[in-house]
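Report on the structure
Below are the chains, spelled out letter by letter.
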Amino acid sequence: MKNLLGRLMGRSYDELKKTAAALQLPPFKGGQNELAVMLYRELMDETAVKWTWDEMSSEEHQFLNWLMEQRGMAAFVDSLSLALSLSPAEAETLVAHLSRLGVVDMEEVSAKSNRVLAAQYRFAYGATMGGGDERRAVSLSNEVARVLKKLGQELVAPPRFDASLSSLFDYYELGQLEQIALAWKLKISQPAYYKEEIADLLLEVLSQPERISSAIGSLPAGPKTLYNLICNKEGRISLADLRKRAGLLESDLRQYLRYLAQRFLVLETYSEARRWFFIPKDIFQPHLPVVNEPPPVEPAAIEPTVMRTTPPYALAWDILTVLNFVQQNSVTLTAQDSRLPKRLIKRINEMLLVPGELNDDADDRLDLVLHAALSLDLLHHEASNLVVTPRTEDWAANLTFGAQQRRLFKLWLDDVHWFEPLVYSGGYWWSGNVTAGRKKVVEKLAALEPGRWYSALSLMRYFEQADPYVFRSKAETLRYVGYRNLGRFQEEWPQREGRVLLKIVETGLHWLGLVDVGYDDEGQFIAFRIKPEAHELLATNGDNNLPKPNAMLKMLLLQPNFEVLVFHPESGPLWRLLKFADLARHDMVSVYTITKDSVMRAVENGTSVSEMLKFLAEQSQREVPQNVARSIEDWGRSIKRVRLTDATILEVDDPNVLDELAASRKTSAFLLRRISPTLALVNLPETNAWSRTSAMQKLAKSLKTAGYSALALERANGNGQAEK
């Protein structure tokens, strides 16, 4: 059987115009197909069908209910008078009116006895094609029948005036709720959510009085007038009373009410066989939430048993340590997951100012140090190796520890990939806005008194009541848990959001050297305090100018036993010290030792003996001991330098040919250095990974183009003979 759109497309343009007029639609100026589509949408709209239903007589209501119960929802017109106890003229008038409304369709069909033979109806009556009499049949499309059946269910159990929003959503299908959500400009993923999830999103919006007030204030003049009229009638009004008081054209009245219904501001129902329009109770008389002042962040009742403090330069110092280690050693990452090998993890961790607690996988703090160095472009991956970048020298030598700390703090605030350890388990957390949460925590901590111990639990309780959606908005939370599971979310908040929040203080801010943390006898994090020198950084997010460092302050104390004590650490001097001294221990004062191996390593990496001695003389609080200076000089002189160069040699038989090559603009760029009358070192031209010829072959081709016969000898075979 034809669907509703096919039936309308089969009608003439004049018939379609009559149907539009019968449905009291505004004049239409488009073509036949466009008019058919518009009528289709009208007949599929439940609100529009209700208007049509109200215009029908009780006999027409009974006929449609009867027709929906017939096989295939079709019947012969000439049999209606007997089936409905109507005269033939009354049956004809009834069917003609419903056909003009577009609700039913009439068509000439081939019939044999009481069997319909036309192709579009044979499935309804089980007939086969063949000869037969022509009879008229009236039928109902499945689409209109579905809307009428739903309307019938609503007439039996209409929405109540005092129903809650969630109960009213039960009267709507998924597609209708999608349209309402789009009217409120809610983001709906494709494919759409389940009906319950969209209902949860709408419930969140419609439960906000300020949002409803804003929406009503921005309504167009016509819908706003109708809304206010219904408000003045205590939020409900019958259709007859509304028509009388509104004084609008029928088409305008329907248009304005539809506009309000699409936004769930005015709904319709039936009461005592009359049609009513009403404003949902929760919108008309919203329940304003009781605003309770969140509990303050309280000082700790007692000082913690165990206190941990981290110097403000600790993270920056450890980054320098890792950069120096990578610069002086070949660091190859594991092939499986591109991580440091376990032997290197243990070795580097022992060198850190604040070593982490190693576990089976790695060390959280070392992971953080590496992540920060990679994010700041101080390290990068080259094939399977970890190498320092050209920016390293500028970072280490030209930025003070204070400047480095500020940059690290800003990185922590905004870096979505910098995770506080051991708290982001499960897919729930990967989409949380952790950086927004960090900024809110920093803002709250900046309002606290520096140097005073505060309860960690009271900080968590403050956010639980003041801003439980600190990492993800309520609307975003609803997309994951649903409105009906919001209570469960609130119950689990201390184990989820609350745990992350405390880790921000315990690890992130503590490792940055901005807060001290305290623990009880069982090792539970119970308290924190903001360092006085960190308060300005927290309050300004690191945007203020740094104080100038004291250039006269010497940071080292060099002793005759070759130990270097670091009293006033600063990035530039420490970076230079790391190049020729090895860590002995980190304690109250960090101690480095100068050894023969460390000096030889520094010389091999380009640091001269004179540079080392000059640095020690400038930075040590005492004169350089003579035994130390003499030993450094002796170790430096004991190094026998050998320079290795991977070179390509160009050889000619006649020295004049080499003279020509050096004088020619085409070939002089290839010559690096002449080492004999007939030999010269050459620069090989660059090639890429996709080149089919080697650099040697490319050079030979260039020389041949310049007029020289070149024979490329690329390597020697096992017999000492050159291979091409």
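Scope of this entry: the structure provided in the associated data block. (Residues numbered from 1 in each chain as written. Predicted model: local features only at pLDDT ≥ 70, side-chain atom pairs only at ≥ 80, totals over all residues. Heavy atoms only, no water.)

Here the focus is the packing of helix H18 (residues 314-328) against helix H29 (residues 571-578). Direction vectors running N to C along H18 and H29 enclose 30°, while the axes themselves pass 10 Å from each other. Classified by the interaxial angle, the pair formed by H18 and H29 is roughly parallel. Note on packing geometry: the crossing formed by H18 with H29 is right-handed. Together, Trp317, Leu320, Thr321, Leu323, Asn324, Gln327 and Gln328 of H18 and Ser571, Leu574, Trp575 and Leu578 of H29 make up the contact between the two elements. Per-class residue counts for the contact of H18 with H29 are 6 nonpolar, 5 polar and no charged. (Axes fitted to C-alpha atoms, helices over the stretch in contact; angles between N-to-C directions. Helix = DSSP H or I, 4+ residues; strand = E, 2+ residues; numbered from the N terminus. Parallel < 35°, antiparallel > 145°, perpendicular 65-115°, else oblique. Left-handed = near helix turned anticlockwise from the far one by under 90°. Contact = heavy atoms within 4.5 Å. Nonpolar A, V, L, I, M, F, W, Y, C, P; charged D, E, K, R; others polar.)

A positive phi angle, near 60°, is found at Asp377, a position not held by glycine. Looking at where Asp377 falls in the secondary structure, it is placed in the loop between helix H20 (364-375) and strand E10 (379-382). The phi dihedral of Phe562 falls on the positive side, at around 75°, and the residue is not glycine. For Phe562, a relative accessible area of 18% puts it in the buried group. (Buried < 20%, exposed > 50% of the residue type's maximum accessible area, 1.4 Å probe, protein only.)

Here the focus is the pattern of salt bridges. Within the structure shown, the criterion is met by 31 salt bridges. Put simply, Lys440 and Asp467 hold a salt bridge, and the shortest N to O gap is 2.9 Å. Note that Lys440 is positioned in helix H23 (residues 434-446) and Asp467 in the loop between helix H24 (456-466) and helix H25 (474-481), a separation of 27 residues in sequence. One connected set of salt bridges, linked through shared partners, spans Glu55, Arg243, Glu250 and Arg254. (Salt bridge = Lys/Arg side-chain N within 4 Å of Asp/Glu carboxyl O.)

Adjacent strands of a sheet form backbone hydrogen bonds with each other and so pair up, either parallel or antiparallel. Overall, antiparallel pairing links the 3 strands, which are arranged E19-E21-E20 in an open sheet. For this open sheet the edge positions go to strand E19 (648-651) and strand E20 (671-674), each flanked by a neighbour on one side alone. Going across the sheet, the axis of each strand differs from the next one's by a mean of 35°, ignoring polarity. Taken together, the 4 bridges between E19 and strand E21 (residues 679-682) define a ladder with antiparallel strand orientation. Residue pairing across strands places Thr648 opposite Val682, the latter belonging to E21. (Pairing = 2+ DSSP bridges.)

Now for the environment of Leu684. Within the fold, Leu684 resides in the loop between E21 and helix H34 (695-705). Sequence separation between Leu684 and Thr648 is 36 residues; the distance between their C-alpha atoms is 7.6 Å. Aside from chain neighbours lying at most four places away, what touches Leu684 is Thr648, Ala695, Met696 and Leu699.

Their axes nearest at 11 Å, the elements helix H5 (residues 58-68) and helix H7 (residues 88-100) cross at an angle of 80°. Judged by the inter-axis angle, H5 sits roughly perpendicular to H7. Mapping the contact onto sequence places Glu59, Glu60, Phe63 and Leu64 in H5 and Leu94, Val95, His97 and Leu98 in H7. Taken together, the residues of the contact of H5 with H7 sort by class into 5 nonpolar, 1 polar and 2 charged.

The next point concerns helix H12 (residues 195-206). With 12 residues, H12 ought to run about 16 Å at 1.5 Å a step, and its terminal C-alpha atoms sit 16 Å apart, in line with that. Of all 12 residues in H12, 9 are buried; the element is thus mostly enclosed. For H12, the set of buried residues is Ile198, Ala199, Asp200, Leu201, Leu202, Leu203, Glu204, Val205 and Leu206. Elements that come into contact with the buried residues of H12 comprise helix H10 (165-169), helix H11 (174-183), helix H13 (209-217), helix H17 (281-284) and H25. (Expected span 1.5 Å × (residues − 1).)

Turning our eyes to something else, we now look at helix H2 (residues 13-22). Along H2, the residues that are buried comprise Leu16, Thr19 and Ala20. Taken down its axis, H2 places every buried residue within 100° of arc, on the same side. In H2, the exposed residues that point more than 90 degrees away from the buried face are Asp14, Lys18 and Ala21. In this fold, the buried residues of H2 make contact with helix H1 (4-9), helix H3 (32-44) and H7. Where H2 terminates, the next one or two residues include Gln24, which has phi positive at roughly 60°. (Arc of directions from axis to C-beta.)

Turning our attention to the side chain of Lys531. Relative to the assigned elements, Lys531 resides in the loop between strand E14 (525-530) and helix H28 (535-540). What makes Lys531 buried here is its relative accessible area of 6%. Those residues within four positions of Lys531 in sequence are excluded, and the remaining contacts are Thr309, Thr310, Pro311, Pro312, Pro450, Gly513, Leu514, Val515 and Asp516.

Next up on the list: the sheet that holds strand E17 (residues 582-585). Strand order in this open sheet of 4 strands is E15-E16-E18-E17, and the pairing throughout is antiparallel. Edge positions in the open sheet fall to strand E15 (556-558) and E17, since each of these has one partner strand only. Averaged over all adjacent pairs, the angle separating strand axes in this sheet is 30°, with direction ignored. Two strands pair when backbone bridges link them, and E17 and strand E18 (residues 590-593) are joined in this way by 3 bridges, in the antiparallel orientation. For Arg585, the partnering residue across the bridge sits in E18 and is Val591.

Worth remembering: the numbers are spatial, not functional.
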